[in-house]
Amino acid sequence: MTDERSYDDFSLDELLQLNKRTISPEDMKKYQGYMAEIFTAFGMDLDTPSTVDTPRRFIEALYESTNGYDGDPKLIKAFPKECRGEPDCRLSQVIEGPIHFHSLCEHHVFPFYGEAYVGYVANEKILGISKLTRLVRLYTKRFAVQERIGYQIADTLEALMAPHGVAVLLRAKHMCVEMRGVREISPATRTTVFRGVYADDPALRAEFLDVCGLNKQIL
Ligand SMILES: [Zn+2]
């Protein structure tokens, strides 16, 4: 998903990808066999009490860690009206965070993990605060790219609520950087998405970033 396409171009189902995965037990067994072969070739002794079930545990853990693909029906609920056109309604922002997340980078399938902050300035609809955590989980528990997660969260919030503005900040540590290649302890990677009034108003952006602790170098 790129910024050129606005949320109007996507159906909510398309954004949420509400299609529960179905993988047969036979296929799961087959995938465990693949992992047993790879682990053995790479040096693991699968013939010990500790490792005999490792291929099964690995496949099950990978499946669970990517259950964002199964969607989250609880995200779609009725929202009460909020903005009645008062002059100050555009100034009232909701910011949720830190929302801790874990994801798998789609380039290496190594974990990246960190914190998300999601802010919005409501228009006619509001969202239960717990929904923002669900939204972050929906897009992080997949094979993902940090930057795209931010766009997806913003796109979906816009489709769900049509708010005056949306802001998303993600801070994450990438194991594919720290465990391979240059093997450096990397600083956290930060990505931001600003839409609507956040894009237009530097003061609102600054307030959001301040609440996120960006100027205090928390992570
Ligand atoms: Zn990677």
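Residues numbered from 1 in each chain as written. Predicted model: local features only at pLDDT ≥ 70, side-chain atom pairs only at ≥ 80, totals over all residues. Heavy atoms only, no water.

Draft legend 1. Quick peek at the environment of Leu138. Position of Leu138 among the secondary structure elements: in helix 4 (residues 129-140). The buried category is assigned to Leu138, whose relative accessible area is 3%. Between the C-alpha atoms of Leu138 and Asp70, which are 68 residues apart in sequence, the distance is 8.3 Å. (Helix = DSSP H or I, 4+ residues; strand = E, 2+ residues; numbered from the N terminus. Buried < 20%, exposed > 50% of the residue type's maximum accessible area, 1.4 Å probe, protein only.)

Draft legend 2. Broad picture of helix 5 (residues 146-161). Here helix 5 spans 23 Å end to end across 16 residues, near enough to the 22 Å set by a 1.5 Å rise per residue. For helix 5, the tally of buried residues reaches 13 of 16 residues, placing the bulk of the element in the interior. Backbone geometry just downstream of helix 5 places Ala162 in the positive-phi region, at approximately 45°. (Expected span 1.5 Å × (residues − 1).)

Draft legend 3. A look at the layout of surface pockets. In this structure, the largest pocket occupies an estimated 350 Å³ of space. Taken together, 15 residues form the lining of the largest pocket, with Ala61, Ser65, Ser103, Leu104 and Pro111 sitting closest to its centre. Only helix 3 (54-65), strand 1 (93-105) and helix 4 provide two or more residues apiece to the lining of the largest pocket. In terms of residue count, strand 1 provides more of the lining of the largest pocket than any other element does, five residues in total. A breakdown of the residues in the lining of the largest pocket according to their chemical character gives eight nonpolar, five polar and two charged. When residues of the lining of the largest pocket are sorted by domain, at least three fall in each of domain 1 (25-65) and domain 2 (79-216). (1 Å grid on protein atoms, 1.4 Å probe; cavity = no way out; pocket = protein on both sides within 12 Å on 5 of 7 lines; lining within 4 Å. Points joined across faces, edges and corners; volume = space filled by probe spheres on them. Nonpolar A, V, L, I, M, F, W, Y, C, P; charged D, E, K, R; others polar. Domains from an automatic or database assignment.)

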